[in-house]
Amino acid sequence: MIQKFNQNERRILSFPAVHPCEAVSPATLLTSLITLSQNIINCQSKFFVTQKRYIREVIREIGILLVFFDEIHERGILLPPSTVLCFSELHVSFQKILFLLEDCSREGGRQWILMKSELVASQFRVLIRTVATVLDVLPLNLIDVCGEVKELVELVAKQARKAKIEVDPDDERAMRRVLGVLNQFEKGIEPEFQILKWVLDYLEIRRWSDCNKEIKFLEAEISSQSGDGEEREAQFLGSLLGFMSYCRGVVFDKVDYQNADQTDVRSNMEILNCLNPEDFRCPISLELMTDPVTISTGQTYDRPSIQKWFKAGNTTCPKTGEKLTNMELVPNTNLRKLIHQFCADHGVSLSKTGKKSRDITRTIVPGSPAAAEAMKFLSKFLSRKLVFGPIEQKNKAAYEVRLLAKTNIFNRSCLIEAGTILPLLNLLYSFNKSIQENAIAALLKLSKHADGKKAIVESGGLKSIVAVLKRGISLESRQIAAATIFYLSSVKGYSKLIGEMPEAIPALVDLIKEGTECGKKNAVVAIFGLLLYPENCQRVLYARTVPLLVDILASSDKHELVADSLAVLATLAESYDGTFTILQTSALPLVTRTLQSTTSRAVKEHCVSILLSLCTNGGDDVVAVLAKDPSVMSSLYSLITDGTNHGCKKARSLIKILHKFHETSSSYGQGCQEVTNNEQSVRFL
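Keep in mind that this is a model prediction, so the values were computed, not measured. (Residues numbered from 1 in each chain as written. Predicted model: local features only at pLDDT ≥ 70, side-chain atom pairs only at ≥ 80, totals over all residues. Heavy atoms only, no water.)

What the rule picks out here adds up to zero disulfides. Distance from the sulfur of Cys247, which forms no disulfide, to the nearest cysteine sulfur (Cys211) is 5.7 Å. Taking relative accessible area as the criterion, Cys247 reaches 0% and is therefore assigned buried. (Disulfide = S-S within 2.5 Å. Buried < 20%, exposed > 50% of the residue type's maximum accessible area, 1.4 Å probe, protein only.)

This part covers helix α5 (residues 117-137). In this model α5 runs 31 Å from its N-terminal to its C-terminal C-alpha over 21 residues, within 8% of the 30 Å that 1.5 Å per residue would give. In this fold, the buried residues of α5 make contact with α2 (52-75), α3 (81-104), α4 (110-115), α6 (147-162) and α7 (169-186). (Helix = DSSP H or I, 4+ residues; strand = E, 2+ residues; numbered from the N terminus. Expected span 1.5 Å × (residues − 1). Contact = heavy atoms within 4.5 Å.)

Reading across the sheet, the three strands line up as β2-β1-β3 and stay open at both edges, with antiparallel pairing between neighbours. Among the strands making up the open sheet, the edge pair consists of β2 (300-302) and β3 (330-331). When strand β1 (residues 292-294) meets β2, the two strands line up antiparallel, connected through three bridges. Looking at the pairing, Thr294 lines up with Thr300 of β2. Set on the sheet, helix α12 (residues 303-311) makes contact with β1, β2 and β3; between it and β2 the angle comes to about 95°. (Pairing = 2+ DSSP bridges. Axes fitted to C-alpha atoms, helices over the stretch in contact; angles between N-to-C directions.)

For Gln51, which is not glycine, the phi dihedral falls at a positive 55°. Tracing the sequence through the fold places Gln51 in the loop between α1 (26-42) and α2. Judged by relative accessible area, which is 1%, Gln51 ranks as buried. A positive phi angle, near 60°, is found at Arg544, a position not held by glycine. On the secondary structure map, Arg544 appears in the loop between α25 (536-542) and α26 (545-555).

Bringing the confidence of the model for the protein chain into the picture now. Reading fine detail from the predicted coordinates is not recommended where pLDDT is low. For the protein chain, the mean per-residue pLDDT works out to 86, and 88% of the residues sit at or above 70. This stretch, residues 258-276, has a pLDDT under 50; its non-local contacts, to residues over four places away or in other chains, come to 32 contacts. Every residue in residues 352-364 scores below 50 in pLDDT, and together they form 25 contacts with partners more than four places removed in sequence or on other chains. (pLDDT = per-residue confidence, 0-100.)

The subject of this paragraph is the pattern of salt bridges. Where charged atoms from two side chains of opposite charge approach closely, those side chains can pair. Inspection of the entire model under this criterion finds 26 salt bridges. The residue Lys521 makes a salt bridge to Glu560 at a minimum N-O spacing of 3.7 Å. With Lys521 in helix α24 (residues 517-530) and Glu560 in helix α27 (residues 559-572), this residue pair connects regions lying 39 residues apart in the sequence. Overall, the relative accessible area of 13% leaves Lys521 in the buried class. Salt-bridge contacts for Lys521 lead to Asp564; the nearest nitrogen and oxygen are separated by 2.5 Å. A residue pair is termed long-range when its members are at least 10 positions apart, and Lys521 in helix α24 and Asp564 in helix α27 qualify at 43 residues. What makes Asp564 buried here is its relative accessible area of 6%. One salt-bridge network, in which partners are shared between bridges, spans Glu71, Arg75 and Asp144. (Salt bridge = Lys/Arg side-chain N within 4 Å of Asp/Glu carboxyl O.)

The structure is reproduced here in structure tokens:
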């Protein structure tokens, strides 16, 4: 039997060939060799930018050997055992050759294959010589094929022995140019446009989309190597990523899309994921913070990580490099509450939030010095385009910022420092749908950075963002604006400012009414963020938010939206006014029913929190209704067994309230009558 390797799991320039098992039949082995040879020959239709000369030669030689294999197969020639052994070795070599050919033509991998030319040439050299060695020991005299075919096999063996596979001189020249540009970046010198254009033309990267594929490939490679200890290679990949990102932003004037449908999907997915709180991760360990603390520069870190930083003798801020005025660690309670809310909603355990912490120095610097300087140059270039460029270039620059700031903290800091925030805010007033969407999406990404939040607010951006939230040209722009409000509201002072804006909370409520499922979720979570400032509670109640949230509980089948709605209701129920407003709706039976039916621990804990607040603030009338339903008690005991510490504590408190109610009832019959009367009272509160 011949096992097959899953191509989707193979990293580029890795060759996990599978050796045929010893018991494989000659017919099976021969059939597999023919298939492999045909696949290699089919590669000649693929697009090879580099390594062209010896790739053509390798494919030609395999094509000749295919004639040999086909004749054996067609004539049903029996193979002696020594031949089977040789064919097994050829099978392994052909697998590796096919891997190499696929890698040399891999979409997005052109620059990486160019820079690995010496390794690629070396691998081809070893494989061709292995084929030559196998053919030398192959007992052709024992295989009954025609003389012409034998001569062809001998010719291939001779050519393979003498083959001189070296790096193509043109490839070597292109490599030197790329290395020269990286060296310039590292020295803080901006490269000449013509040199960049020459390299891109050599690699036949002629469109923005081609360049973007290279960037996506490099990002994937960096991600796959981040935990493998391959520090030097990861840094080199980072430099190449900086090179390509700079080229994408500077060399190409227009953004082209090969598939408009894919573009639309990407935009929608961005909204779906826009509330993924990357800034909940410690900038040092890149793991979710369990105990966020703020230092004197205003930056927030996980307590164990920043303490480790200080113990190493450092007296500067890891993110900004500023000298610290003191070593005081101030607990960031607002952020901690948001993190716990996020973890509860997504079933994430804070004790198991990621891999082992990576090297502290890797998380506070860019991929490489060259990548850092390339990003700084690119940020300044984009900032100039946002201010002085014609409208098409402003739109393109906003889109570049949107992409660059999506997942990279260092990129965000460079873009903010280069002054992109104010011109992006100005673009929010554009009547062009694409420009407004790109500008608000870019601001969303930058708002995840502490300096970005500050720059937006100090530039008067809250008014502009709320204007888009209320009157954005597209629903997508409004939904992204809601997500931006969420990130800004993580700073208590900003949630106060947003709440005091007359249109902000009503606009979020309108989005709950009119938005898609994603838009509703963004609006609900933004309201939750604003509730971190207690005085916003009255504003949320006044905007008639509660009936809409209750409608979501009654009608939505989206788990995350229901969980978020319950979280907001739980926060509102903590006040007497919130309790009164909630009891005026059908929330009580809905929450009770949800508690009994849901399998989500987070949803159960939200329900218990609401019920506890309603009982505490609403008094015996509410308690009596819950006491009538015996299934409530079983759900509470279940949560004590499976819930978090916070959830268990609230479940115990509610159980005590219900037990106390039963104990103080004068008799079982009297208690039942009282329950019936009180249930009616609650309905008319």
